[in-house]
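Each chain, letter by letter, is given below.
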Amino acid sequence: MRKNESRIDIIDSIEDTKGNNGERGQLTVTNLRLVWCCSKNVKINLSIGYNCIISITIHTANSRIRGPTQALYVLTKFNSSRFEFIFTNLVKGSPRHFTTVQAVHRAYETSKLYRDLKLRGAIIRDGELLLLPQEEVTTKTSGVWNLSSDQGNLGTFYITNVRIVWFANLAENFNVSIPYQQIKSVRIRDSKFGPAFVIETSSHSGSYVLGFRVDPPSRLPKIHQEVSTLHQVYSQAPIFGVEFQTEEPVQDLGDVTVPTPQDYIEIIEEEATDAFAAYYADGGMKNVDRKPVFEPSLGLAVEKLRDGVTIDNLWNCISFQ
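Predicted model only: the values in this text are computed from it and were never measured.

Chemist: Sorry if this is basic, but what is going on with the overall build of the chain here?
Modeler: Counting secondary structure elements, the chain contains 4 helices and 19 strands. Counting only residues that meet the buried cut, the chain has 40% of its 321 residues in that class. Looking at the chain alone, contacts between residues at least 24 apart form 51% of all its contacts between residues at least 6 apart. Total accessible area computed for the chain in this model is approximately 18,900 Å², and 52% of it derives from carbon and sulfur atoms.

Put into structure tokens, the structure is as follows:
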């Protein structure tokens, strides 16, 4: 795990129905990702970051162990490719992986200000910064000019333990929130306005170069030193903002492990396949058309949908593009 990544829940008897159908495994839910690991071979595993997830839904899947049953479908996108993961709980009647995964992903989505650069957000009210949980203001500085335009805009600068925030005094909605997680470098350099405090952001957040002038200029070294120190402290102990607690505390695996009776094993001969390609949404068969069928809701003939997929699901996918 990376620094300050925390384990929220561990769910045993989870099957990776799409890529490893028939294999029991363990699903670990952290504040940053889902990790599935095969019980028989730990080298067979998956790691899915929440930032790649497009949607989480529940549909019927065909498990080799349980047969047709409700399963968790996780649709993801990485670069230009879409991947689909299906997780089936092999414990009959247990909705635990449905509720936990959906709730933690919702907590991740609603805490993006901790991790993502935000322009023109609703983060200022009556001239004061709306603080996030666990956020503390270390310095508030007035008389700071944003140098994004030829004239510059006069505003106020907040330095907290999570991010840097600037907003214009005459228009509070003209603002920028820069989490330390997205800062690549901070330095002082000359500009046509004189010495400026320059923040360069990561490629993930658009590789912005933001310049600020401070009046009087003598305060600039102190601000630079403070931001540099807080950035280093954050790098050692990042605050991701994903807060979630399970109803029951997670126990160590050794405390809850019981002997497992021998399962009936059916050996199925399969051709060698690319494990990565197994998770492509729609099986990666982009050039293969299925037979057309009549769709009453559209009044048109459409390509036959895969099992467990509806027209509404497809509209939802389009909305995320």
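Chemist: I keep staring at the packing of aromatic side chains and nothing clicks. Help me out?
Modeler: Each pair of aromatic rings is reported with the distance of its centres and the angle of its planes. Scanning the model with the defined rule gives 7 aromatic pairs in all. With a centroid separation of 5.2 Å and an interplanar angle of 55 degrees, the aromatic rings of F157 and F212 are classed as tilted. Here F212 lies in strand β17 (residues 209-214) and F157 lies in strand β12 (residues 153-160), a separation of 55 residues in the sequence. An identical accessibility class is assigned to F157 and F212; each is buried. Every member of this aromatic cluster is reached through a ring pair, and the members are F157, W166, F174, F197 and F212.

Chemist: Looking at this structure, how should I read the pairing of strand β18 (residues 292-295)?
Modeler: A regular strand places its side chains on the two faces of the sheet in alternate fashion. For β18 and strand β19 (residues 300-303), the ladder comprises 4 bridges, and the chain directions are antiparallel. Paired with E295 across the two strands is L300, which belongs to β19. Linking two consecutive strands that pair antiparallel, namely β18 and β19, is a turn of 4 residues; a positive phi of about 70 degrees is found at G299 within it.

Chemist: Explanation requested: the environment of T310 in the structure shown.
Modeler: With respect to the helices and strands, the residue T310 is situated in the loop between β19 and α4 (311-319). As for T310 and H59, which are separated by 251 residues in sequence, their C-alpha atoms are 9.8 Å apart.

Chemist: What exactly am I supposed to notice about the side chain of R163 here?
Modeler: Assignment of secondary structure puts R163 in strand β13 (residues 163-168). In this structure R163 comes out as buried when scored by relative accessible area, which is 0%. A distance of 3.2 Å separates a polar side-chain atom of R163 from the backbone oxygen of L130. A distance of 3.1 Å separates the side chain of R163 from the side chain of S177, its partner in a polar contact.

Chemist: I keep staring at helix α1 (residues 96-109) and nothing clicks. Help me out?
Modeler: Two residues of an α-helix separated by three or four positions point the same way, owing to the 3.6 residues in each turn. Along its 14 residues, α1 runs 20 Å from first to last C-alpha, staying within 8% of the 20 Å computed at 1.5 Å per residue. Within α1, the full set of buried residues consists of H97, F98, T100, V101, A103, V104, H105, A107 and Y108. Looking at the buried residues of α1, the elements they touch are β1 (7-16), β2 (24-30), β3 (33-38), β5 (53-63), β6 (67-78) and β7 (81-89).

Chemist: So what exactly am I meant to see when it comes to the sheet that holds strand β15 (residues 183-191) here?
Modeler: Neighbouring strands of a sheet are bound in pairs by backbone hydrogen bonds; such pairs are parallel or else antiparallel. Pairing is antiparallel across the open sheet formed by 8 strands, whose spatial order is β8-β14-β13-β12-β11-β17-β16-β15. In the strand order of this sheet, the two ends are held by β8 (118-119) and β15, each with one partner. Relative to β17, strand β11 (residues 137-146) is paired through 3 bridges, and the arrangement is antiparallel. What sits directly across from W145, in β17, is R213.

Analysis parameters
- Residues numbered from 1 in each chain as written.
- Predicted model: local features only at pLDDT ≥ 70, side-chain atom pairs only at ≥ 80, totals over all residues.
- Heavy atoms only, no water.
- Helix = DSSP H or I, 4+ residues; strand = E, 2+ residues; numbered from the N terminus.
- Buried < 20%, exposed > 50% of the residue type's maximum accessible area, 1.4 Å probe, protein only.
- Contact = heavy atoms within 4.5 Å.
- Areas by Shrake-Rupley, 256 points an atom, 1.4 Å probe, with all protein chains shown as cover.
- Phe/Tyr/Trp six-rings, centres within 6.5 Å; stacked < 30°, edge-to-face > 60°.
- Pairing = 2+ DSSP bridges.
- Polar contact = N/O pair within 3.5 Å; in protein donor to acceptor, adjacent residues only side chain to side chain.
- Expected span 1.5 Å × (residues − 1).

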